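Understanding the architecture of this molecule
These are the residues of each chain, in order.
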Amino acid sequence: MNESDFESHDPHDHELILEGNPTATVALLAGICSSLFGLVAFSTNSVLLFILYKDPYKYFRARATTFFVASLSLSDFFGGAFVQPLYSAYMFCLTAGVEEQTLYKMSLISSHVSTKISILTVVALSVDRYLAIKLSLKYKALITVRKVIACNVFIWLFCGIFEASHSTSGSEETFHVVDLHLQTTIPLTTLCAVYMATYIEFRRYSRNVVFVRANSGGRSRVFLRNIILEKKIVLTVVLIIVVLFISLLPYLIVNNLEEQCHEEHSSVCSELGFVITKALSVPMLCVSCAVNPFLYAWRIPQYRQALRLVSRTTCSRFRRQSRTVSTVVSNGVPTALASGSLIEQNILVGSHTQQKQAAGL
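Residues numbered from 1 in each chain as written. Predicted model: local features only at pLDDT ≥ 70, side-chain atom pairs only at ≥ 80, totals over all residues. Heavy atoms only, no water.

- Where an unreviewed UniProt entry is consulted, the protein appears under the name G-protein coupled receptors family 1 profile domain-containing protein, with the organism given as Desmophyllum pertusum.
- UniProt, in its Sequence similarities (unreviewed entry) section for the protein, records the words "Belongs to the G-protein coupled receptor 1 family."
- For the protein, the Subcellular location (unreviewed entry) comment in UniProt is given as "Cell membrane". (UniProt positions renumbered as here; feature names shortened; annotations may be inferred.)

**Structural notes on the packing of aromatic side chains**
- Per the stated rule, a full pass over the model turns up six aromatic pairs.
- Taking the centre distance of 5.3 Å and the plane angle of 80 degrees together, the rings of Y59 and F60 count as edge-to-face.
- For Y59, a relative accessible area of 22% puts it in the partly exposed group.
- For F60, a relative accessible area of 8% puts it in the buried group.
- Note on Y90 and Y104: the rings are 4.9 Å apart at their centroids and 40 degrees apart in plane angle, and the pair reads as tilted. On the criterion of sequence distance, the pair formed by Y90 in helix α4 (residues 65-95) and Y104 in helix α5 (residues 101-134) is long-range, its members being 14 residues apart. (Phe/Tyr/Trp six-rings, centres within 6.5 Å; stacked < 30°, edge-to-face > 60°. Buried < 20%, exposed > 50% of the residue type's maximum accessible area, 1.4 Å probe, protein only. Helix = DSSP H or I, 4+ residues; strand = E, 2+ residues; numbered from the N terminus.)

**With respect to the environment of F77**
- Along the chain, the position of F77 falls in helix α4.
- Taking the C-alpha atoms as reference points, F77 and L49, separated by 28 residues in sequence, lie 9.0 Å from one another.
- Not counting chain neighbours up to four residues away, the residues in contact with F77 comprise F42, N45, S46 and L49. (Contact = heavy atoms within 4.5 Å.)

**Observations concerning the UniProt feature "transmembrane region" (unreviewed entry) in the protein**
- Using the residue numbers shown here, the UniProt feature "transmembrane region" (unreviewed entry) corresponds to residues 26-53, 65-87, 107-127, 148-168, 180-200, 233-254 and 274-298.
- Helix makes up 100% of residues 180-200 and strand 0%, whereas the separation of the span's terminal C-alpha atoms amounts to 30 Å.
- End-to-end, the C-alpha atoms of residues 274-298 are 35 Å apart, and along that stretch the chain is 100% helix and 0% strand.

**Looking at a positive patch on the surface**
- Taken together, the side chains of K54, K58, R61, R317, R319, R320 and R323 present a region of like positive charge at the surface.
- A total of four residues in the positive patch trace back to one element, the largest contributor, which is helix α12 (residues 301-331).
- Note on placement: K54 falls in helix α3 (residues 24-54).
- When its relative accessible area of 37% is taken as the criterion, K54 is described as partly exposed. (Patch = residues over 30% accessible without salt bridge, like charges linked within 9 Å, V, L, I, M, F, W, Y side chains within 5 Å. Areas by Shrake-Rupley, 256 points an atom, 1.4 Å probe, with all protein chains shown as cover. Salt bridge = Lys/Arg side-chain N within 4 Å of Asp/Glu carboxyl O. Lys, Arg positive; Asp, Glu negative; His and termini not counted. Charge placed at Lys NZ, Arg CZ, Asp CG, Glu CD.)

**Details of the pattern of salt bridges**
- Counted according to the given criterion, the structure contains three salt bridges.
- For D128, the salt bridge identified is with R129, shortest N-O distance 2.9 Å. Accessibility assignment for this pair places D128 and R129 in one class, buried.
- The residue K134 makes a salt bridge to E201 at a minimum N-O spacing of 3.2 Å. One end of the pair, K134, is in helix α5; the other, E201, is in helix α8 (residues 172-207), and 67 residues separate them in sequence.
- Judged by its relative accessible area of 6%, E201 falls in the buried class.

**Points about the packing of α4 against α5**
- Remark: α4 packs on α5, axes separated minimally by 9 Å, with the N-to-C direction vectors making an angle of 160 degrees. Here α5 runs roughly antiparallel to α4, going by the angle between their axes. α4 and α5 meet at a crossing whose hand is left-handed.
- Its residues assigned to classes, the contact of α4 with α5 comprises 17 nonpolar, eleven polar and three charged. (Axes fitted to C-alpha atoms, helices over the stretch in contact; angles between N-to-C directions. Parallel < 35°, antiparallel > 145°, perpendicular 65-115°, else oblique. Left-handed = near helix turned anticlockwise from the far one by under 90°. Nonpolar A, V, L, I, M, F, W, Y, C, P; charged D, E, K, R; others polar.)

**Focus on helix α11 (residues 272-299)**
- Along its 28 residues, α11 runs 40 Å from first to last C-alpha, staying within 8% of the 40 Å computed at 1.5 Å per residue.
- The principal kink in α11, of about 40 degrees, is found at S281, preceding the proline P283 by one to four residues. (Expected span 1.5 Å × (residues − 1). Bend = angle between axes of the 7 residues up to and from the residue.)

**Looking at the environment of L131**
- Mapped onto the fold, L131 is located in helix α5.
- When near neighbours in sequence (up to four residues on either side) are disregarded, L131 contacts S136, Y139 and I143.

**Concerning the side chain of D76**
- Counting through the fold element by element, D76 comes out in helix α4.
- If we skip the residues at most four places from it in the chain, D76 touches A41, N45, S118, S288, C289 and N292.

**Some details on a nonpolar patch on the surface**
- Residues L28, I32, L36 and F92 make up a contiguous nonpolar surface patch of roughly 340 Å² in combined accessible area.
- Looking at which element gives the most residues to the nonpolar patch, the answer is α3, with three residues.
- With respect to the element layout, I32 can be found in helix α3.
- I32 gets classed as partly exposed once you look at its relative accessible area, which sits at 40%.

**Quick look at unusual backbone geometry**
- Its identity is not glycine, yet D55 carries a phi of approximately 45 degrees, on the positive side.
- Examined against the element boundaries, D55 turns out to sit in the loop between α3 and α4.
- D55 gets classed as buried once you look at its relative accessible area, which sits at 1%.
- Of note, K58 is a non-glycine position whose phi angle comes to about 55 degrees, a positive value.
- Structurally, K58 is set in the loop between α3 and α4.
- Here K58 falls in the exposed class, since its relative accessible area comes to 60%.

Printed below as a string of structure tokens:
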């Protein structure tokens, strides 16, 4: 779109762009994307949390790492169930010509909280994987389920309190600098250091693989199998980090450019490209929320096995209940498939009908 096309638009749309609000078309596109990404994130993370809760093979609850994964999935679920619907509602209101600042502020604050929780949880998960490789013999005694739950609670409380202080405090500049380092500098530096150390540990283990394979002892085979599994988990976390920061990139760029525009009174924030990027940056945040469960299913075999078993069990139970209800409803007579409560209910209904017929006679 060139400048002549842009200038030929309605003056009201031009005014909205200058104020930082998108046009009706951009708002509609952002609202649709936000709704779709939010629905996918809500659905996939609901399935992931349900699988972790059911845990048919009793594998996940015994591992402390599972609770980091559950915390990350809960944050993604929160983004899909709460943040994106609020933002899509705000965009649809803009499409109708109504500007609901309350919806925008609520979606913005909740997206900040959800983003910080996801970033800090990924950092904690990366440190956990490094400790599992470095201190494989002491890991279970060092990293317990209670400690991981306490770490998750601290992350959630810290992000909530920090964002509440940021929203109510008058020192915006100080909080913005801290927020910028909290979302980019500290996590990136920590992750680079942790994964460099993890890579060194994997190289050290790879030099011992020949010795481990040559040893026919059962403990050596278990050790080798655990190292292979840990490598898969670490690579999964790396993919999660890559997807997370790709989805965060437009959001962080927009926030930094907005701050620069306020300080230097620049006209960059009034350009159409910036407005479109700003409108689509919040739906982009949900890309990682929607993709993470697919990464678990693709990379972690235990999750795939649990997903298959829970899916088969749930589907068979649903079919059995549907068959029971349809048999009772269609025939009006309880069969061997009907439960005791349904049989008792039909007996009571039949006796009541007979009493009414006798009274009519």
